[in-house]
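Observations on chain architecture
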Amino acid sequence: MGRKDEILLDMRGISKSYPGVQALAEADFSVRRGEIHGVVGKNGAGKSTLMGVLMGIRQADSGSIAIDGSALRHASPQTMLDAGISYVPQHINLLNTLTVAENILVGNLPKNRFGLVDWKAVNDDSAARLKRLGLKLDVRQPVEGLSVAERTMLAIAKALFNKARLIILDEPTAALSRVDIDLLFSFVRAQREQGVAFIYISHHLEEVFEICDRVTVMRDGRIVGTREISEIDVPDLIHMMVGGGVQEYQRETTAGTETVFEAKSLSRRGAYEQINFALRRGEVVGLSGLQGSGVDELAQALFGLERLGVGEVLVDGGVFDPDSPRDAFDGGVAYLPQDRHRFGLIQLRPVRENVTYSVLDRLVSRLGVLMRKPEQQITETYIDKLGIVTPGAEQRTMLLSGGNQQKVVFAKLAATQPKVLILHEPTQGVDVQAKVDIFNIINDLASQGVALLVISSEVRELIGLCDRILVMYQGRVTDEFTRAADNMKPEDILLAIEGGSGYAKA
């Protein structure tokens, strides 16, 4: 097994940039043999990019990677697998309709002298392999019948059978119960004792302290620091994650006194429960929570993509219960999705069509003919108003920068003249200048009387933008931070997101 203080993985000076974004900057990262090494940081901190470089999925602009002191050149997914590095994603990729044994030996099923699969040998061999790892699974059971924890352990076992020495676990507990977490952690610790190293990526900080030996914090594409778990606590770790200062952008409030949106005792089994909050005209309210907290489900339900459940939602005093996005638009609610590429834009079509297709019903004459002049006027108005950098209205949207694509989505939604606008990670994947532009757009919309609900994991940005910040945890709104109460401290908000708030629970 070797000494546990020996360096197994050594990444030095790793940099990676995309147009307008420095995803990694001179990142130094190492993992010892036989340790569980946590990697934490907010969304966009650079964790995925660093792991992508490590797995050979992304090519670094500069830097070096060494395994056991030997430099790895011409990195690719196959060379990394050959070097003993495996990746277990959050959503496990297994052959669900096949048995556990078939998944273990897929591509190498033993055959008898007649050239047929020897199923007894398949099952006996697989059972013997799992027994050596201390893993008790029925090898004859289809994988689709396993729990999420069992599927994760099977994926780890497959990596070990392929002689993995370092295994990356990406949010492995996101969908697990406490019992299953304990089961998974026991298995991981047992493999650590055999000299296997793990990189453990998670937003659940308490679990990092429970399972990891060391932790590395990333922020804005840089390695902030690496600490022994025994030498740090949760508040210290949170401070490293959020940095010393709040986002410089500070919006002046435009909130009025009139309530334009209200959710009353809104509940949907398995998604969220007893959701109660209101939005005033011209108010910007932030909403944040971990994956699985119910934030995503709530946003999609409010836009008619999923059912609302029981309870009541009012918009301008009228009952709001959309069955589709069109119903939501008609009811005065618009939604900017997190994945603008898949759900917010038609990439191959021009800017003009993307801006106006949400209001086509207003642009068609009684004879069913599209009125080109009003369409062009709307497009030009929003290109100018939102500062969309494009050669013209007929430019294909896919050729714009990420920030300008996001502005096109804003234009499409603003054109509907909504009473309530829900923005899901509005600054994700855009550069610093585009973020400032988007902040200004949000401020302009609020000053026009639109009520905005901004869903984001960027705590510092929410503090600069919002009049209030709501936090969801395990399906409930658990905390509220307000500018008026002067309690919008990034450390306290992040602690609440992790489920450890000291504030009164809703």
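Everything here concerns the structure above.
Described in the following lines is the structure provided in the data block. Please read these numbers as outputs of a predicted model, since none were measured by experiment.

Cut-offs and rules
Residues numbered from 1 in each chain as written. Predicted model: local features only at pLDDT ≥ 70, side-chain atom pairs only at ≥ 80, totals over all residues. Heavy atoms only, no water. Helix = DSSP H or I, 4+ residues; strand = E, 2+ residues; numbered from the N terminus. Expected span 1.5 Å × (residues − 1). Buried < 20%, exposed > 50% of the residue type's maximum accessible area, 1.4 Å probe, protein only. Arc of directions from axis to C-beta. Contact = heavy atoms within 4.5 Å. Salt bridge = Lys/Arg side-chain N within 4 Å of Asp/Glu carboxyl O. Pairing = 2+ DSSP bridges. Core = buried A, V, L, I, M, F, W, Y, C linked by side-chain atoms within 4.5 Å. Domains from an automatic or database assignment.

1. Let's talk about helix 6 (residues 178-193)
- The first and last C-alpha atoms of helix 6 sit 23 Å apart over 16 residues, in line with the 22 Å expected at 1.5 Å per residue.
- Those residues of helix 6 that fall on the buried side of the exposure criterion are Asp180, Ile181, Leu184, Phe185, Phe187, Val188, Gln191 and Arg192. Mapping the buried residues of helix 6 onto a view down its axis gives an arc of 160°, with all of them on the same face.
- Of the surrounding secondary structure, the elements contacted by the buried residues of helix 6 are strand 3 (36-40), helix 5 (148-161), strand 7 (166-170), strand 8 (197-201) and helix 7 (205-211).
- Directly beyond the C-terminal end of helix 6, a positive phi value near 95° is found at Gly195.

2. Some remarks on the pattern of salt bridges
- Under the definition given, this model contains 28 salt bridges.
- Measuring nitrogen to oxygen at the nearest pair gives 3.7 Å for the salt bridge that ties Arg12 to Asp28. On the criterion of sequence distance, the pair formed by Arg12 in strand 1 (residues 7-18) and Asp28 in strand 2 (residues 21-32) is long-range, its members being 16 residues apart.
- Under the relative-accessibility criterion, Arg12 is labelled partly exposed at 41%.
- One salt bridge in this structure joins Glu228 and Arg32, with 3.0 Å as the shortest N-O distance. Remark: Arg32 occurs in strand 2 and Glu228 occurs in strand 10 (residues 222-228); sequence separation between them is 196 residues.
- Through salt bridges with shared partners, one network takes in Arg349, Arg352, Glu353, Arg372, Glu375 and Glu394.

3. Some points on unusual backbone geometry
- One non-glycine residue, Glu26, lies in positive phi territory at about 50°.
- Looking at where Glu26 falls in the secondary structure, it is placed in strand 2.
- Positive phi is not limited to glycine here, since Glu425 has a value of about 50°.
- Examined against the element boundaries, Glu425 turns out to sit in the loop between strand 17 (420-424) and helix 16 (432-447).

4. Section: the pairing of strand 17
- The buried fraction of strand 17 amounts to five of the five residues, a majority that puts the element mostly inside the structure.
- As paired elements, strand 16 (residues 333-336) and strand 17 share four bridges and run parallel to each other. Looking at strand 17, one finds that Tyr335 is bridged to Ile422.
- Both strand 17 and strand 18 (residues 451-455) contribute to a ladder of five bridges, which runs parallel. Of the residues in strand 18, the one forming a bridge with Leu421 is Leu452.

5. Structural notes on the nonpolar core
- Grouped together as the largest cluster of nonpolar side chains are 132 residues, with contacts concentrated most on Ile156, Ile167 and Phe261.
- A total of nine residues in this core trace back to one element, the largest contributor, which is helix 5.
- No fewer than three residues from each of domain 1 (7-242) and domain 2 (259-344 + 418-505) sit in this core.
- Setting aside its immediate chain neighbours within four residues, Ile156 contacts Val88, Ile167, Leu169, Leu184, Phe187, Val188 and Phe198.

6. Looking at the environment of His203
- Looking at the secondary structure, you find His203 in the loop between strand 8 and helix 7.
- For the pair His203 and Val40, spaced 163 residues apart in sequence, the C-alpha separation works out to 6.5 Å.

7. Digging into the pairing of strand 20 (residues 476-482)
- The element strand 20 is largely enclosed, with a buried count of five among its seven residues.
- Pairing of strand 19 (residues 468-473) with strand 20, which is carried by six bridges, proceeds in the antiparallel orientation. Residue pairing in the sheet places Val471 in a bridge with Asp479 of strand 20.
- From the end of strand 19 to the start of strand 20, which pair antiparallel, there are two residues, and Gln474 there has a positive phi angle of about 50°.

8. Section: the sheet that holds strand 15 (residues 318-319)
- One open sheet accounts for four strands, arranged 12-11-14-15; its pairing is antiparallel. The open sheet has two edge strands, strand 12 (272-280) and strand 15, and neither has a second partner.
- Two strands pair when backbone bridges link them, and strand 11 (residues 259-268) and strand 14 (residues 310-315) are joined in this way by five bridges, in the antiparallel orientation. Looking at strand 14, one finds that Ala263 is bridged to Val313.

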